[in-house]
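# Summary of structural features
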Amino acid sequence: MDDLIAPGDVWLVGAGPGDPDLLTRKAERLIRNADIIFYDALVGPGVLALIPDTTPRVSVGKRSGRHSKDQRSINELLLDAALSGQRVVRLKGGDPGIFGRAGEEIAHLAEHGIGVYICPGITAASAAAASATVSLTMRGMAGGLTLLTAHARAGATLDIDWARLADPATTLCIYMGKAAARMVSQQLIAAGLSRDTPAIVVENASLPNEGVVRTRLDLLEIATAAALRDGPAVLLIGMALAGQGNAKEEHAYFAARN
Ligand code: SAH
């Protein structure tokens, strides 16, 4: 035991995209020193394997459409464990602060006087870019990066300002967007983004069953449907991705811009 986690504290720990080698050393220390660990469905099996056999682990897994515990019950479980004086680790896929509902957990715990801390993790967009060997920003081409989700709550419609997103100088990283690929490509094209804007879909980034599909905006839906299984995937869209394909493509895209 080291004293990184105090009894009664909660650490929201980024588990990264799945490959246990992409975990931070701090995350590993926290995992080894927790009295109890609550984890999400997207935490990789290799990361879970680092949990000592004697440490109780509780799955509070959520995959879209299959909610096993609602957020309120998760908040209560974390609070009860902290109030009983345990060292609590809440393991979340990727980075806890990116589409990880960390805000609700922090607010609930802080309201009850619990010490709550974050250990950052590698987010899916970074892992996906690494899998495709691309840079998400590019000098002179993409000076900005937008992380967004294309997942609406059941029955709700997406409230997205497509005109603002259809900016060729910004790379888009779309989380939870596989089912929305058709809508995303239609809306972005309607808002003015070029049909041949490069797009890359990365499924199961960093895991042995990873898949990388390189396509273009107007073919996004077909490419996604044809090539992917049912793992989590990120959609990357933007002109910056062009220069990083083969040399011929690179030339064509640069020519189109200049
Ligand atoms: N906090 C997480 C995101 C949780 S939302 C993070 O920072 O990465 C869940 C979404 O993340 C999935 O629908 C998918 O879009 C993305 N995702 C998570 N792990 C992934 C992986 N290994 N490969 C590709 N996308 C992933």
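Preceding this section is the structure that the text describes.
Attention in this report is confined to the structure presented alongside it. (Residues numbered from 1 in each chain as written. Predicted model: local features only at pLDDT ≥ 70, side-chain atom pairs only at ≥ 80, totals over all residues. Heavy atoms only, no water.)

### Re the site of the ligand
Around the ligand, the structure places 17 residues, and the nearest of them are Ile98, Thr123, Met176, Ala205 and Ala233. One of the backbone N or O atoms of aspartate 95 is found 2.8 Å from an oxygen atom in the ligand. Here an oxygen atom of the ligand sits 2.6 Å away from a polar atom, N or O, in the side chain of threonine 123. For the ligand, whose accessible area on its own is 540 Å², the fraction buried by protein is 91%. Each of domain 1 (10-119) and domain 2 (124-257) gives at least three residues to the shell around the ligand. (Near = heavy atom within 4 Å. Polar contact = N/O pair within 3.5 Å; in protein donor to acceptor, adjacent residues only side chain to side chain. Areas by Shrake-Rupley, 256 points an atom, 1.4 Å probe, with all protein chains shown as cover. Domains from an automatic or database assignment.)

### A few points about the sheet that holds strand β12 (residues 233-237)
The 5 strands are arranged β8-β9-β12-β10-β11 in an open sheet whose pairing can be described as mixed. The sheet is open, and its two borders are formed by β8 (144-149) and β11 (211-216), each paired with just one other strand. Strand-to-strand twist of the sheet, defined as the mean angle between neighbouring strand axes without regard to direction, takes the value 15°. Two strands pair when backbone bridges link them, and β8 and strand β9 (residues 170-175) are joined in this way by 6 bridges, in the parallel orientation. Bridge pairing links threonine 146 to leucine 172 in β9. Sheet strands in contact with helix α5 (residues 124-131) are β8, β9, β10 (198-203), β11 and β12, and its direction is about 70° off that of β12. (Pairing = 2+ DSSP bridges. Helix = DSSP H or I, 4+ residues; strand = E, 2+ residues; numbered from the N terminus. Axes fitted to C-alpha atoms, helices over the stretch in contact; angles between N-to-C directions. Contact = heavy atoms within 4.5 Å.)

### Comments concerning the packing of helix α7 (residues 181-190) against helix α8 (residues 220-227)
The description of two helices packed together rests on the angle between their axes and the distance between the axes. Relative to each other, α7 and α8 sit at 165°, their axes nearing to 8 Å. Between α7 and α8, the angle is such that the two are roughly antiparallel. Helix-helix and strand crossings are classified by hand; for α7 and α8 the assignment is right-handed. Each of Ala181, Arg182, Val184 and Ser185 in α7 lies in contact with α8, whose residues at this interface are Leu220, Glu221 and Thr224. Taken together, the residues of the contact of α7 with α8 sort by class into 3 nonpolar, 2 polar and 2 charged. (Parallel < 35°, antiparallel > 145°, perpendicular 65-115°, else oblique. Left-handed = near helix turned anticlockwise from the far one by under 90°. Nonpolar A, V, L, I, M, F, W, Y, C, P; charged D, E, K, R; others polar.)

### With respect to unusual backbone geometry
Phi is mostly negative for residues that are not glycine, and the peptide bonds are mostly trans. Backbone geometry places phenylalanine 99, a non-glycine residue, at a positive phi of 50°. Structurally, phenylalanine 99 can be placed in the loop between β6 (88-92) and α4 (102-111). With a phi angle near 55°, methionine 176 is a residue other than glycine that sits in the positive phi range. Among the structural elements, methionine 176 can be located in the loop between β9 and α7. Judged by relative accessible area, which is 41%, methionine 176 ranks as partly exposed. (Buried < 20%, exposed > 50% of the residue type's maximum accessible area, 1.4 Å probe, protein only.)

### Focus on the pairing of strand β1 (residues 10-14)
Summarising burial for β1: 5 of the 5 residues are buried, a large majority. Two strands pair when backbone bridges link them, and β1 and β6 are joined in this way by 5 bridges, in the parallel orientation. Its bridge partner lying in β6, glycine 14 is registered against lysine 92. Judged from the 4 bridges that link them, β1 and strand β7 (residues 116-119) form a sheet pairing that is parallel. Among the inter-strand pairings, valine 10 is bridged to a residue of β7, identified as valine 116.

### Some points on the pattern of salt bridges
As enumerated under the stated definition, the model contains 10 salt bridges in all. The residue arginine 90 makes a salt bridge to aspartate 40 at a minimum N-O spacing of 3.1 Å. A residue pair is termed long-range when its members are at least 10 positions apart, and arginine 90 in strand β6 and aspartate 40 in the loop between β2 (36-39) and α2 (45-48) qualify at 50 residues. The pair formed by arginine 90 and aspartate 40 is uniform in burial state, with each residue classed as buried. Between glutamate 105 and arginine 90 there is a salt bridge, with its nearest N and O atoms 3.1 Å apart. Of this pair, glutamate 105 sits in helix α4 while arginine 90 sits in strand β6; the two residues are 15 residues apart in sequence, bridging distant segments of the chain. (Salt bridge = Lys/Arg side-chain N within 4 Å of Asp/Glu carboxyl O.)

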